[in-house]
Amino acid sequence: MKINYKGNIDLTIGAGGRAMNQLIHDLMLAEFDNEFLAQQGDQAILPPANGKLAFSTDSYVVSPLFFNGGDIGSLAINGTVNDLAAGGATPLYIAAGFIIEEGFPLAQLREIVKSMAKAAKTANVKIVTGDTKVVEKGKGDGIFINTSGIGVVENDWVATSPQTDDLVIINGAIGDHGMAIMSKRQGLNFASDISSDCAALNSLIASLAPYQKHIRIMRDPTRGGVSAVLNEWATFYNCSFEIDEEKLLVNESVRGLSEILGFDPLHIANEGKVMLVVAKDYADEICSLMKNHPLGQESRIIAKVNPASQVKVSMKTLFGGLRRVDWLNGEQLPRIC
Amino acid sequence: MKYIDEFRNSQVAKKLIENIQRKINPERKYNLMEFCGGHTHAIHRYGINQILPANIKLIHGPGCPVCVLPIPRIDQAIWLANQPDVILCSYADMLRVPGDKQDSLLKAKARGAQIQIVYSVLDALEIAKNQSDKMIIFFAIGFETTTPPTAHAILEAKKMGLDNFKVFCNHVLTPVAMTAILDDNEVNIDGFIGPSHVSIIVGSDAYREVAQEYQKPVVIAGFEPLDVLQSIEYLIDLINENKPDIINQYTRAVNPEGNLKAQEIIARVLEKRQQFSWRGLGQIAKSGLKIRQEYAHFDAEVYYNLPEFQSDDVKSCECPQILRGIKEPKDCKLFGKACTPENPMGACMVSSEGACAAAFQYSLISR
Ligand code: SF4
Ligand code: SF4
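Residues numbered from 1 in each chain as written. Chains lettered and ligands numbered in written order. Predicted model: local features only at pLDDT ≥ 70, side-chain atom pairs only at ≥ 80, totals over all residues. Heavy atoms only, no water.

Going by what an unreviewed UniProt entry lists, chain B is known as Hydrogenase maturation factor and is assigned to Aquella oligotrophica. In the Sequence similarities (unreviewed entry) part of its UniProt record, chain B is described as follows: "Belongs to the HypD family." (UniProt positions renumbered as here; feature names shortened; annotations may be inferred.)

Chain A is annotated in an unreviewed UniProt entry as Hydrogenase expression/formation protein HypE from Aquella oligotrophica.

Right, here's the structure in full:
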C-alpha cells in the first residue's frame, strides 16, 4: 500500500506497528538513503574516524515551520552542521529525531523530510540514524526535530583566548533569519521580502584552513544573535569587545522591521553566519579569502578586542557615542505602540 | 523603508550637535523631559546622552504604558486570568510586570492560568471567534496609540454579536499626564520632547495647555536618532527665546488636529474616568478611559464585578521618582542588583522602553 500524503499523522502511525514502519521506509529511508542508514539497526555502525571526535546536539522548535529561505528541516540540518564546523570539525554524520503531533499533515512531513535530505546533501553529511515518535494532539506544536551530529577534527585546531587588538569578522548581514521568522508570525503578517540566511557553513570554514593558526575562536551567532556570542566570549575569556556600528551590515528590510518593532538587530538570530576572532595582522587576508566563497561575499570586520574592562561588550554608535551591548533579556518583543 | 538611512546619517548628526553646542547658554541648565519611552530607548541606544553638552539634562518621563500601570491593575488582570474558562490575552511585556508580592501574569500562566500572548487586539478577537466555549478577555493597555484598535474591536464584537469577548480597559491619556507632572512642585522641567506615535492620533494641538498654561515648550519628535537631536535643537531655541510654543518636528506623520477618525471611534466607545491611578504619579483626574455604558456588555470590569486590590510598590523601588524625573535609575539601591530585566522589582525595568531597562541595557555605568 502507498502512503496517502493527503492524510494526517494519526495514532496508528504512532503505535510503532506496520504503519510507522511503512512511513519510515517509504519516506525517511528513501529520502535520506545512504549505506549506514540502510543497515536499519537501532544504531549506525560507522567506520573509524581520523582525528578527534566532535559531537553536538540541538532541538528545533521553530514556528512557523516554513519560512522565506528555509523550513524546520533545512534548519535542523544546517544548525547542527554549523555547530560542528564552528568548533573546527568536519561534520560527517547526523542522527535525526522527530516528535510529531497527531493530526500533522503528511504532506508537510514529506516536504520537511525532503528539505532535510537536500540540506544534508549540500552540506555533505549523512543522516545515519533516527527516531520518530507521535504525541497526542495538543501535546506538541506540529513537529519538533532533534538533530545530533558527529564530526572529526582532523588537524589540531583548538579555540584559544582572544588577544588585545584581535579583530572580529562576520560573513555578512545580521538578523535575516530571526526577522524572516518574525515577519511571518501570527498577527504580524508583514508583507516583506526578508529571507532567512539559513545555510551550511562547513565549506566556507574549511576554505580558511590555511589561516587556521591565526583564528582564535569561531561561533555561529544563532539565538541571541551577535550580542550573545560576544558577551559569552567576553565572560569566558575575560576580555572586552567594541563593535563599530558603521561596519555592521543590516539589510534594509531587516532594519526597517526592527525599527517598527523596536528590535535590535544585534540580538536577532542568524542561521548562516559565522563570527571569527582573528589575529589583527591576518584579518584583512582572512576577510578577502572569505569573500571568495559564495557564503562570504559580504564578509567584514565588525569589532575589535580590548583588554578586560568593566563593560564587556560595547558599541561605537554611528554618532560617536559609546553604549553597552548587553545580552538579550528574555525574548525580544514588539513594542506596544 | 529607504527613509531610515537619512535619519541616521552621522554627518548630519555632527552638524546638529554643533548647532546645539553653539546655541546653549553655558550659564544655565536645560532640563528636557522625553515623555515617551521610545525616545528614552533611542537616546540610550545611539548614545545621544553622551554626546550632548553637560548642561542638557534628559529626564525620562512616564511615557511607557507598561511602566505606569499601577500594581492593583496587574493584580486584577491576574484575578481575571484565574476565572474559570477564561483566556486572558495580553501584550507580552505585561506578563513580566510584577504585581503584589512579585506575582505576575507569567507566574500565573506557569501555575495553569490560560494566558495568551497577542500582538494586537485583533488577535484576541480572532481567538474569541474561534473558541466560543471560552471567555476571551483582552488586557488593553496603552496611550492614545493603542486605543483606537481597542475601540474598533469592541465595535466589531458588537457587530458580530460576540458574547465571549471582553476588554479589561486600562487606556490612559498623554496630555493629561504631562500637566499632572507639571503640577508637582518637586519636578523641574524646561520643555518636553513630545511623543511621536501618540501625537499621530491626538495631533500637535493637544499640547496647547502644556505649552500655554504651563509655559513649557513642546517639540513633537520622531523616534529616529536624528529626529531626537533636531528636536533638542528646536527646544533649546524655544527655551532661549522664552517661547512656550509647540513645534512639530515629526511632520512626516503628525498634523495639528491628529487622526480625527480614530478620535471619533475612541469617543464613541470610551469615556473618561473620573480618576485613574498611575504608577508613580498617583491619582490623576480624567486621565484614564473606560468603556461607555452602551458597550458595558464588553467590559470585563462590569461583567466580572472586578474586586479592588490594595497593594504597594516594592519599598525601595524608586520608580515613582524616576517617572517624574526626580531621580535617575542609578540612584535606586536595587538597580542592577536585586532588580534586573530578568527579575524586575519595578515596572521601569520591564519594558525595554522603561527608564531603568534602557539604562541597564545600554549605559556604560557599572552595575
Ligand atoms: S509610543 Fe507608546 S509605547 Fe512607544 S514609547 Fe511612546 S508611549 Fe511608549
Ligand atoms: S531599578 Fe528596579 S526597583 Fe529600582 S527604580 Fe528601577 S525598576 Fe524600580
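Caption draft 1: View of the overall build of chain A. Along chain A, the regular secondary structure elements total nine helices and 13 strands. Taking 337 residues into account, the globule formula puts the C-alpha radius of gyration at 20 Å, and chain A, at 21 Å, falls close to it. Principal-axis analysis of the C-alpha atoms gives chain A an extent of 65 × 55 × 35 Å. Contacts in chain A between residues far apart in sequence, at least 24 positions, make up 84% of those at least 6 positions apart. Put simply, chain A has 30 plus and 38 minus side-chain charges, and the middle of one group is 1 Å from the middle of the other. (Helix = DSSP H or I, 4+ residues; strand = E, 2+ residues; numbered from the N terminus. Rg over C-alpha atoms; globule rule 2.2 N^0.38 Å. Contact = heavy atoms within 4.5 Å. Lys, Arg positive; Asp, Glu negative; His and termini not counted. Charge placed at Lys NZ, Arg CZ, Asp CG, Glu CD.)

Caption draft 2: Quick peek at the overall build of chain B. A count of helices and strands for chain B gives 17 helices and 13 strands. For a compact globule of 367 residues, the expected C-alpha radius of gyration is about 21 Å, and chain B comes in at 21 Å, within 12% of that figure. Overall, the C-alpha framework of chain B stretches about 65 × 45 × 40 Å when taken along its three principal axes. Counting all 367 residues of chain B, 63% fall into the buried class. (Buried < 20%, exposed > 50% of the residue type's maximum accessible area, 1.4 Å probe, protein only.)

Caption draft 3: Representation of the sheet that holds strand β7 (residues 167-170) of chain A in the model. All names here are of chain A. What the seven strands build is an open sheet, ordered β8-β10-β7-β11-β9-β12-β13; its pairing is mixed. Two strands close off the open sheet at either side, each with one partner strand: β8 (215-219) and β13 (322-324). The mean angle between the axes of side-by-side strands here comes to 25 degrees, regardless of whether they run parallel or antiparallel. Taken together, the four bridges between β8 and strand β10 (residues 275-278) define a ladder with antiparallel strand orientation. Bridge pairing in β10 links Met218 to Leu276. (Pairing = 2+ DSSP bridges. Axes fitted to C-alpha atoms, helices over the stretch in contact; angles between N-to-C directions.)

Caption draft 4: Quick look at the packing of helix α2 (residues 18-32) of chain A against helix α4 (residues 106-123) of chain A. All names here are of chain A. Relative orientation of the contacting elements α2 and α4 amounts to 25 degrees, with a least axis distance of 8 Å. The angle between the axes of α2 and α4 places the two elements in the roughly parallel class. Like other packed secondary-structure pairs, α2 and α4 cross with a definite hand, here right-handed. Residue-level inspection shows Leu23, Leu27, Met28, Glu31 and Phe32 of α2 in contact with α4, the latter providing Leu106, Leu109, Arg110, Val113, Lys114, Met116 and Ala117. Across the contact of α2 with α4, the residue classes break down as nine nonpolar, no polar and three charged. (Parallel < 35°, antiparallel > 145°, perpendicular 65-115°, else oblique. Left-handed = near helix turned anticlockwise from the far one by under 90°. Nonpolar A, V, L, I, M, F, W, Y, C, P; charged D, E, K, R; others polar.)

Caption draft 5: How the structure looks around the domain arrangement of chain B. Residue and element names in this part refer to chain B. Looking at chain B, the domain boundaries give domain 1 (10-59 + 176-242), domain 2 (71-172 + 288-304) and domain 3 (323-364). Centre-to-centre separation of domain 1 and domain 2, based on C-alpha positions: 34 Å. The partner domain 2 presents four residues to the five residues of domain 1 that form the contact. Interface area for domain 1 against domain 2, summed over the two sides, is near 390 Å², with a carbon-plus-sulfur share of 85%. Considering only the surface of domain 1 that becomes buried against domain 2, Phe35, Val198 and Ile201 emerge as the three largest contributors, covering 73% of it. The tally of links from domain 1 across to domain 2 stands at zero residue pairs in polar contact (both at pLDDT 80 or more). Ranked by residue count, the leading element in the side of domain 1 that touches domain 2 is helix α11 (residues 197-202), at four residues. Split by residue class, the side of domain 1 that touches domain 2 holds four nonpolar, one polar and no charged. (Domains from an automatic or database assignment. Buried area = accessible area lost by both parts, 1.4 Å probe. Polar contact = N/O pair within 3.5 Å; in protein donor to acceptor, adjacent residues only side chain to side chain.)

Caption draft 6: Geometry of the domain arrangement of chain A. All names here are of chain A. In terms of domains, chain A is made up of domain 1 (8-153) and domain 2 (166-324). In this structure, domain 1 and domain 2 have C-alpha centres spaced 28 Å apart. With 18 residues of domain 1 at the contact, the number on the domain 2 side is 20 residues. Taken together, the two surfaces of domain 1 and domain 2 that pack against each other cover about 1500 Å², and 58% of this comes from carbon and sulfur.

Caption draft 7: Spatial organisation of the confidence of the model for chain B. All names here are of chain B. Taken over all residues, the pLDDT of chain B has a mean of 91, while the share at 70 or more is 97%. Per-element mean pLDDT across chain B ranges from 57 in helix α1 (residues 3-6) up to 98 in strand β6 (residues 165-171). Quick note on the complex model: pTM equals 0.81, ipTM equals 0.70. (pLDDT = per-residue confidence, 0-100.)

Caption draft 8: Expanded view of the side chain of Ser196 of chain A. Residue and element names in this part refer to chain A. When you line up the elements, Ser196 lands in the loop between α5 (176-182) and α6 (202-206). Residue classification places Ser196 among the buried residues on the basis of a relative accessible area of 9%. Among the polar contacts listed, one links the side chain of Ser196 to the backbone nitrogen of Cys198, at a separation of 3.0 Å. With sequence-adjacent residues up to four places away left out, Ser196 is seen in contact with Phe67, Asn68, Gly69, Asp176, His177 and Ala180.

Caption draft 9: Molecular detail of helix α9 (residues 283-291) of chain A. All names here are of chain A. Within the span of α9, buried status applies to Ala283, Ile286, Cys287 and Met290. Along α9, the residues classed as buried sweep out an arc of 100 degrees about the axis, all on the same side. On its buried face, α9 is in contact with β7, α6, β8, β10 and β11 (300-306). (Arc of directions from axis to C-beta.)

Caption draft 10: Representation of the site of ligand 2 within the structure. Near ligand 2 you find 13 residues, and of these Cys317, Cys319, Cys332, Cys339 and Cys356 of chain B are the closest. Here the residues of the shell around ligand 2 are counted per class, giving 11 nonpolar, one polar and one charged. (Near = heavy atom within 4 Å.)

Caption draft 11: Examining the packing of aromatic side chains more closely. Under the definition given, this model contains 12 aromatic pairs over all chains. Relative to Phe241 of chain A, the ring of Trp233 of chain A has its centre 6.2 Å away and its plane inclined at 40 degrees; by these criteria the two rings are tilted. Note on accessibility: Trp233 of chain A and Phe241 of chain A belong to one class, buried. Taken together through their ring pairs, the aromatic side chains of Phe35, Phe143 and Trp278 of chain B make up a single cluster. Across the ring face of Tyr30 of chain B, the terminal group of Arg28 of chain B is positioned such that the distance to the ring centre comes to 4.8 Å. In this structure, Lys166 of chain B packs its charged tip against the face of Tyr303 of chain B, placed 4.4 Å from the ring centre. (Phe/Tyr/Trp six-rings, centres within 6.5 Å; stacked < 30°, edge-to-face > 60°. Lys NZ or Arg CZ within 6 Å of the ring centre and 35° of its normal.)

Caption draft 12: Summary view of the pairing of strand β9 (residues 240-244) of chain A. Residues and elements named next belong to chain A. The buried fraction of β9 amounts to five of the five residues, a majority that puts the element mostly inside the structure. Across four bridges, the pairing between β9 and β11 is antiparallel. From the neighbouring strand, Ile243 faces β11, where its bridge partner is Ala303. Pairing analysis gives four bridges linking β9 to strand β12 (residues 313-316), with the strands arranged parallel. Bridged to Glu242 within β12 is Ser314.

Caption draft 13: Broad picture of the nonpolar core. If you look at the biggest cluster of nonpolar residues, it comprises 103 residues, and the most contacted ones within it are Leu88, Leu105, Ile137, Phe138, Phe139, Phe165 and Trp278 of chain B. It is strand β5 (residues 135-142) of chain B that provides the largest number of residues to this core, a total of seven residues. Core analysis: the next-biggest nonpolar cluster, separate from the first, contains 42 residues, Tyr60, Leu109, Ala117 and Ala200 of chain A among them. (Core = buried A, V, L, I, M, F, W, Y, C linked by side-chain atoms within 4.5 Å.)

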